[in-house]
Amino acid sequence: MTDIQNQKTTAREVLAALGHGERVAVVGSINADLTVETEQLPCPGETVVGGPLETLPGGKSANQAVTCALLGTATSFIGALGDDAHGDLLYQSLRRAGVDTAGVSRVNQPSGSTLITVDSHGENTIVYSAGANATLNAASVAAQTEIIRGAQVLGLCLESPLEAVAAAATIAREAGVTMALNFSPITKVPDSLLRLVDVLIVNEHELAVLAGRPLDSGDAAGLRAALSDLGFERAVLTLGADGALVLEGGEFVSVPPFAVAAVDTTGCGDAFMGSLLAAVAAGEPLSRGACLASAVAGVAALRKGAQASYRNAREVREFLDFS
């Protein structure tokens, strides 16, 4: 059996293990992605002609929650939406995926948004406006303590105010809930927060920033040393087209990517993390969870958008069976 056949078998097994009572909580951002395609990106002061403007549901944390729910895992999202049309769009996207929205508040200001310009070569520029996401704070997270305590795994990233992230991580630690942090977007965080992380999810650049020195993805000993120096024993290093490296039990395991004819990679990293959260909640080792995550991210690349490109468990299973 080839490596990819083994990986598909593992992914099928992990997918079958989901939806049996495990629960994930995700705290963080939810945004409307306003996207326009152009032949070339504008230079400063230049106006270029673009195609139709698309408004699609996104936000790193919401993307992760939607992935979890579509795979069959009971998933709760804690965040803030504006009382506007974008807020309605984003709320309905969560609900359609099956996400529990009891922890979502509506506030009297614009919903979070990202302005994305994509050129004919797939290069892009992105501007993030936090909007309602900026209202998430320690108090609003504390009000949803029971949601976090009721989960096996908590997912966090750094697209939300740090006080909200730290509050959620502290609640998880006190309740014995596994906390997974995606160190993105890169933000200066206190050591006190990093010490609460059970599973770190980073790319090469993010790990180098954390470590404070250049790193070589081919140097397993150097990567292990960097993670060890930072105090992490469980981590996933995503390598884009080269797959991922998983650190668990003192060993690195390489997980190759699924080869697909990518249409749009927007949100694929979030699909990867969301799948990983679901797998860890179901008691699967990180390396096995990463096999499923690689498949789910590959499927997401076949359609445009973030949440709009995500598939449910049946569709992922069909991809594994027929790809």
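Calculation notes
- Every chain begins its residue count from 1, and numbering advances along the sequence as written.
- Under the rules for a predicted model, residues below a pLDDT of 70 receive no local features and side-chain atom pairs below 80 are neither given nor counted, while totals for whole chains, interfaces and linings still include all residues.
- Hydrogen atoms and water are omitted, and side-chain values are computed over all heavy atoms in the structure.
- UniProt positions are given in the numbering used here, feature names are shortened, and annotations may be inferred rather than shown by experiment.
- A run of H or I in DSSP counts as a helix once it spans at least four residues, and a run of E counts as a strand once it spans at least two, with each numbered from the N terminus.
- Here a helix's expected span is defined as the number of its residues, less one, multiplied by 1.5 Å.
- Burial status follows relative accessibility: with a 1.4 Å probe on protein chains alone, a residue under 20% of its type maximum counts as buried, one over 50% as exposed, and anything between as partly exposed.
- Note on definitions: a residue-residue contact is assigned when non-hydrogen atoms from the two residues lie within 4.5 Å.
- Any carboxyl oxygen of Asp or Glu within 4 Å of a side-chain nitrogen of Lys or Arg constitutes a salt bridge here.
- Throughout this description, a polar contact denotes any pair of N or O atoms lying within 3.5 Å of each other; where both atoms belong to protein, one of them has to be capable of donating a hydrogen while the other can accept it, and for residues adjacent in sequence the pair is counted only when both atoms sit in side chains.
- Between any two strands, pairing holds if DSSP finds at least two bridges.
- Axis definition: a line fitted to C-alpha atoms, over the contacting stretch in the case of helices. Angles run 0 to 180 degrees between N-to-C directions.

Per an unreviewed UniProt entry, the protein chain goes by Ribokinase and derives from Mobiluncus mulieris ATCC 35239. The Pathway (unreviewed entry) comment attached to the protein chain in UniProt states, word for word, "Carbohydrate metabolism; D-ribose degradation; D-ribose 5-phosphate from beta-D-ribopyranose: step 2/2." UniProt, in the comment section headed Sequence similarities (unreviewed entry), describes the protein chain in these words: "Belongs to the carbohydrate kinase PfkB family. Ribokinase subfamily."

Some thoughts on helix α6 (residues 162-175)
Over its 14 residues, α6 runs 20 Å from end to end, which matches the ideal 20 Å to within 8%, given 1.5 Å per residue. Looking at α6, one finds that the buried residues are Ala164, Val165, Ala167, Ala168, Ala169, Ile171 and Ala172. Each element contacted by the buried residues of α6 is listed here: β1 (23-27), α4 (138-142), α5 (145-149), β8 (153-156), β9 (178-182) and α7 (191-194).

Regarding the pattern of salt bridges
The full count for this structure, using the stated rule, is 13 salt bridges. Asp198 is paired through a salt bridge with Arg173; the nearest N and O atoms lie 3.7 Å apart. With Asp198 in the loop between α7 and β10 (199-203) and Arg173 in helix α6, this pair connects stretches of sequence that are 25 residues apart.

Quick notes on helix α8 (residues 204-211)
Buried within α8 are the following residues: Glu206, Leu207, Ala208, Leu210 and Ala211. In this structure, the buried side of α8 is in contact with β9, α7, β10, α9 (220-230) and β11 (235-238). Capping of α8 at its N-terminal end is provided by Asn203; its side-chain oxygen lies 3.2 Å from the backbone amide nitrogen of His205. Two residues or fewer after α8 comes Gly212, characterised by a positive phi angle close to 75°.

Quick look at the side chain of Ser113
If you trace the backbone, Ser113 turns up in strand β6 (residues 112-118). Residue classification places Ser113 among the buried positions, given a relative accessible area of 13%.

Observations regarding the sheet that holds β8
Strand order in the open sheet formed by 9 strands is β5-β4-β1-β8-β9-β10-β11-β12-β13, with mixed pairing between adjacent strands. Two strands in the sheet have a free side with no partner beyond their single neighbour: β5 (100-107) and β13 (251-255). The average angle at which neighbouring strand axes cross in this sheet is 15°, direction not considered. Bridge count between β11 and strand β12 (residues 244-248): 4 bridges; the pairing is antiparallel.

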